[in-house]
Amino acid sequence: MKSIGEHEFGGQHTEIKLAIVEKYLKAYSTALRQKFKSIWYIDAFAGTGSRTVRIEAKDGDLLDAPVPERVESRRGSAKIALDIQPAFDRLIFMDQKSAHCAALEGLKASHPDRDIHVLQGDANAIIQENINRVNWSSRRAIMFLDPYGMEVAWETLQAVAKTQAIDVWFLFPLSGLYRQAARNISAVDASKRRALTNMLGTDEWEAELYSPVPPPADLLGSLEAPEERQRNADVAGLETYVKRRLQTIFPLVADPFPLPPQKKPQRFSLFFAASNPSPKAIDLANRFARHIISAGISSQVRPR
């Protein structure tokens, strides 16, 4: 996850996530450039535009000298989007933290020739209040949802899907889901219930994800044990459930990319969803997304 303080975050899964999104942005901008009047990029949790990565020190050996620990500054999603060619006509960067927005304003100032909007505040409120004020008939957009935690509300996804004009890459916090949806339903308190309903868009998750557990045998028959319910879905099952939920509002939801790709437990699922129900639009988006995700998976398979 991103660190809100120094904005130092990253690792292999961050590199992979950004590489996948960058490849799609390039394909998207190229394919739609001649078809629509305006192509937008929307980053709902844009951070500062850059990220600080700490590279661990390495011991030397007979062939290589030791390498000390170092800190590198690398492009974040906002800078990556700015570098895409053909260029996006408008870029919208959102973040709730004032320090992050100040950095984004600096990024905007360094590109005076670009149409860049920096919006400070809750991304859910900004999107829900403004997304349908745009005339999307001659415009298309790609939105990147890379939250710091479980901030993305289901109503926000619904608002995006209703535009029928926006493709979405959503880094879903799978670890947040299985932490809130504890193994035993008795451990899911009111706060966790609200968080799960807000994230999944339904209060039916309990009936769908939990099953009764037979009480222990009582040889005397003198005790009536309370019914216990346990989550019947493992991590993969939770990911499948999230995909089914997304499919109720988006006409296309691709199989997600697991992150980190090899280290367990899986912490995130990088979902792609398209809101345009047109068969041609779905076919094009699906081909792009499947090719890019498949290439990402193949690059992570270690030779035996």
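Residues numbered from 1 in each chain as written. Predicted model: local features only at pLDDT ≥ 70, side-chain atom pairs only at ≥ 80, totals over all residues. Heavy atoms only, no water.

Participant: Break down the nonpolar core for me, citing the residues and quoting the values.
Facilitator: Core analysis: the largest hydrophobic core is formed by 49 residues, its most contacted members being Met143, Leu145, Leu157, Leu177, Trp205 and Phe250. Here this core gets five residues from one element, more than from any other, and that element is helix H5 (residues 154–163). Leaving out residues up to four positions away in the same chain, methionine 143 has contacts with Ile42, Ile127, Ile131, Val160, Ile166, Asp167, Val168 and Trp169. Listed in part, the 42 residues of the second largest apolar core include Tyr24, Ile39, Ile142 and Ala274. (Core = buried A, V, L, I, M, F, W, Y, C linked by side-chain atoms within 4.5 Å. Buried < 20%, exposed > 50% of the residue type's maximum accessible area, 1.4 Å probe, protein only. Helix = DSSP H or I, 4+ residues; strand = E, 2+ residues; numbered from the N terminus. Contact = heavy atoms within 4.5 Å.)

Participant: Describe in detail the pattern of salt bridges, supporting the description with residues and values.
Facilitator: In the structure shown here, the tally under the stated rule is nine salt bridges. With a closest N to O distance of 3.9 Å, glutamate 22 and lysine 26 form a salt bridge. Separated by four residues within a single helix, glutamate 22 and lysine 26 lie in helix H1 (residues 12–32), roughly one turn from each other. Between aspartate 89 and arginine 33 there is a salt bridge, with its nearest N and O atoms 2.8 Å apart. (Salt bridge = Lys/Arg side-chain N within 4 Å of Asp/Glu carboxyl O.)

Participant: Give me the lowdown on the confidence of the model for the chain, citing residues and values where you can.
Facilitator: Counting all residues, the mean pLDDT for the chain is 88, and 82% of those residues have values of 70 or more. A low-confidence stretch, residues 1–9 stays under pLDDT 50, and its non-local contacts, those more than four residues away or across chains, total 33 contacts. (pLDDT = per-residue confidence, 0-100.)

Participant: Let's hear about the pairing of strand E9 (residues 228–231): which residues, and what values?
Facilitator: Of the two faces of E9, only the one carrying Arg229 and Arg231 is buried; Glu228 and Gln230 on the other face are not. Note: strand E8 (residues 210–213) against E9, four bridges, orientation antiparallel. Paired with valine 213 across the two strands is glutamate 228, which belongs to E9. (Pairing = 2+ DSSP bridges.)

Participant: How would you sum up the packing of helix H4 (residues 123–130) against H5? Please name residues and give values.
Facilitator: Axis separation between H4 and H5 bottoms out at 9 Å; the angle between their running directions is 35 degrees. Crossing handedness for the pair H4 and H5: left-handed. Along the contact surface, H4 presents Asn124, Ile127 and Gln128, while H5 presents Glu155, Thr156, Ala159 and Val160. When the residues that make up the contact of H4 with H5 are grouped by side-chain class, the tally is three nonpolar, three polar and one charged. (Axes fitted to C-alpha atoms, helices over the stretch in contact; angles between N-to-C directions. Left-handed = near helix turned anticlockwise from the far one by under 90°. Nonpolar A, V, L, I, M, F, W, Y, C, P; charged D, E, K, R; others polar.)

Participant: Go over the environment of glutamine 128, please, and point to the residues and values.
Facilitator: As for its position among the elements, glutamine 128 is in helix H4. Residues glutamine 128 and threonine 156, 28 residues apart in the sequence, show an inter-C-alpha distance of 5.7 Å. Apart from residues lying up to four places away in sequence, glutamine 128 is in contact with Ala153, Glu155, Thr156 and Ala159.

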